[in-house]
Structure formats: C-alpha cells, structure tokens
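# What the coordinates show
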Amino acid sequence: QVQLVESGGGLVQAGGSLRLSCAASGGTLSYNVMAWFRQAPGKERESVAAVSWSGIRIIYAASVKGRFTISGDNAKNTVYLQMNSLKPEDTAVYYCAAGTAFDTSPLQYHYWGQGTQVTVSS
C-alpha cells in the first residue's frame, strides 16, 4: 500500500515562496509518475505539475509555469514542489499523487496524500 505524506504548506505573503514535500512509501517502484494537484474552494481539483521518476518527462500547468518547479529525489522517494512568486490565486489545498501513467488527469493517479494547505495573502 502506497502512502503519501505532504508537508511544507503554510501562510505566505504574495510574492513569497514555499517548498512542498511529498514523502512516498510502500511499493513506489510500481508507480512511475508523481504529481501535484491543487483544489481551491468551489473549484475542481486541477493538475499543477507532474514528473516521471526517470526525470525525463515534466509537465506544468500554464498558470504556474515559470514560477513552480517539480523535482524528485529517488533515494528518498520524495517529490518536491518549489513555489516562487506566489499569488493569492495559488491559495488551495495541495495534494501529492502517484500513478502509473504520465498524465494531467487525476483519474490516472491511484494514491493521494492528505493534502497540505497553502494560503497566499495579498
């Protein structure tokens, strides 16, 4: 059973930075893709970024491209989301997910973390 635990969320002022971490355990070798999603109040869960464990495939949502960076540490079974130049519209619960196919659709991800709140004040 794969378990994902996010950390690093918090309150930050607009223009600030946060680094989210997602620690994975339990059979992660069978999952070749790790991704970050977010869900704001009243909105559907949306893809933020995804990376293959090989590191050769990365995708970002247009809204975060150039500001966010996804990366992974295979030795630690951990993925990160470095978030810079944060905006109030980035406020959401951020979720880590693991899947077997590289995709932006949440349907491709079988395991999810509990989420970590990111709040950006103006």
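Overview of the structure. Since the structure is predicted, the reported quantities are computational estimates derived from the model, not experimental observations.

### Let's talk about the overall build of the protein chain
Helices and strands together make up the secondary structure of the protein chain, namely zero helices and 11 strands. Listing the helices and strands of the protein chain from first to last along the sequence gives β-β-β-β-β-β-β-β-β-β-β. On C-alpha atoms alone, the protein chain measures out to a radius of gyration of 13 Å, which is about the 14 Å that the 2.2 N^0.38 rule sets for 122 residues. Projected onto its principal axes, the C-alpha positions of the protein chain cover 40 × 30 × 25 Å. Considering only residue pairs separated by 6 or more positions, the protein chain has 58% of its internal contacts joining residues 24 or more positions apart. Accessible area of the protein chain: about 6200 Å², with a carbon and sulfur share of 49%. The positive charge centre, built from 9 side chains, and the negative charge centre, built from 7, are 5 Å apart in the protein chain.

### Considerations on the sheet that holds strand 8 (residues 78-83)
Spatial ordering of the open sheet is given by 1-3-8-7, a layout of four strands whose pairing is antiparallel. Every other strand in the sheet has two partners, leaving strand 1 (3-7) and strand 7 (68-73) as the edge strands with one partner each. Mean inter-strand twist for the sheet, computed between neighbouring axes without regard to direction, equals 15 degrees. Pairing geometry for strand 1 and strand 3 (residues 18-25), over five bridges, is antiparallel. Paired with glutamine 3 across the strands is serine 25, a residue of strand 3.

### A short note on the side chain of serine 21
In this structure, serine 21 sits in strand 3. With a relative accessible area of 19%, serine 21 lands in the buried category. If sequence neighbours within four positions are ignored, serine 21 has contacts with Val5, Glu6, Ser7, Trp36, Thr78, Val79 and Tyr80.

### As for the state of the cysteines
Considering all chains together, one arrives at one disulfide under this definition. The disulfide partner of cysteine 22 is cysteine 96, and the gap between their sulfur atoms is 2.0 Å. Judged by the sign of its S-S torsion, about -80 degrees, the cystine formed by cysteine 22 and cysteine 96 is left-handed. Taken as a pair, cysteine 22 in strand 3 and cysteine 96 in strand 9 (residues 92-99) lie far apart in primary sequence, 74 residues in all. Given a relative accessible area of 0%, cysteine 22 falls into the buried group. Residue cysteine 96 is classed as buried on the basis of its relative accessible area of 0%.

### Here we look at the pattern of salt bridges
Tallying each qualifying case throughout the model produces three salt bridges. A salt bridge links aspartate 90 to arginine 38; its shortest N-O distance comes to 2.9 Å. Of the two residues, aspartate 90 sits in the loop between strand 8 and strand 9 while arginine 38 sits in strand 4 (residues 33-39), which places them 52 residues apart along the sequence. By relative accessible area, arginine 38 is classed as buried at 6%. Here aspartate 90 and arginine 67 are joined by a salt bridge, their closest N and O atoms 2.7 Å apart. Of the two residues, aspartate 90 sits in the loop between strand 8 and strand 9 while arginine 67 sits in the loop between strand 6 (58-60) and strand 7, which places them 23 residues apart along the sequence. Assessed through its relative accessible area of 11%, arginine 67 is described here as buried. Taken together, the shared-partner salt bridges connect Arg38, Glu46, Arg67 and Asp90 into one network.

Parameters and conventions
- Residues numbered from 1 in each chain as written.
- Predicted model: local features only at pLDDT ≥ 70, side-chain atom pairs only at ≥ 80, totals over all residues.
- Heavy atoms only, no water.
- Helix = DSSP H or I, 4+ residues; strand = E, 2+ residues; numbered from the N terminus.
- Rg over C-alpha atoms; globule rule 2.2 N^0.38 Å.
- Contact = heavy atoms within 4.5 Å.
- Areas by Shrake-Rupley, 256 points an atom, 1.4 Å probe, with all protein chains shown as cover.
- Lys, Arg positive; Asp, Glu negative; His and termini not counted.
- Charge placed at Lys NZ, Arg CZ, Asp CG, Glu CD.
- Pairing = 2+ DSSP bridges.
- Axes fitted to C-alpha atoms, helices over the stretch in contact; angles between N-to-C directions.
- Buried < 20%, exposed > 50% of the residue type's maximum accessible area, 1.4 Å probe, protein only.
- Disulfide = S-S within 2.5 Å.
- Salt bridge = Lys/Arg side-chain N within 4 Å of Asp/Glu carboxyl O.

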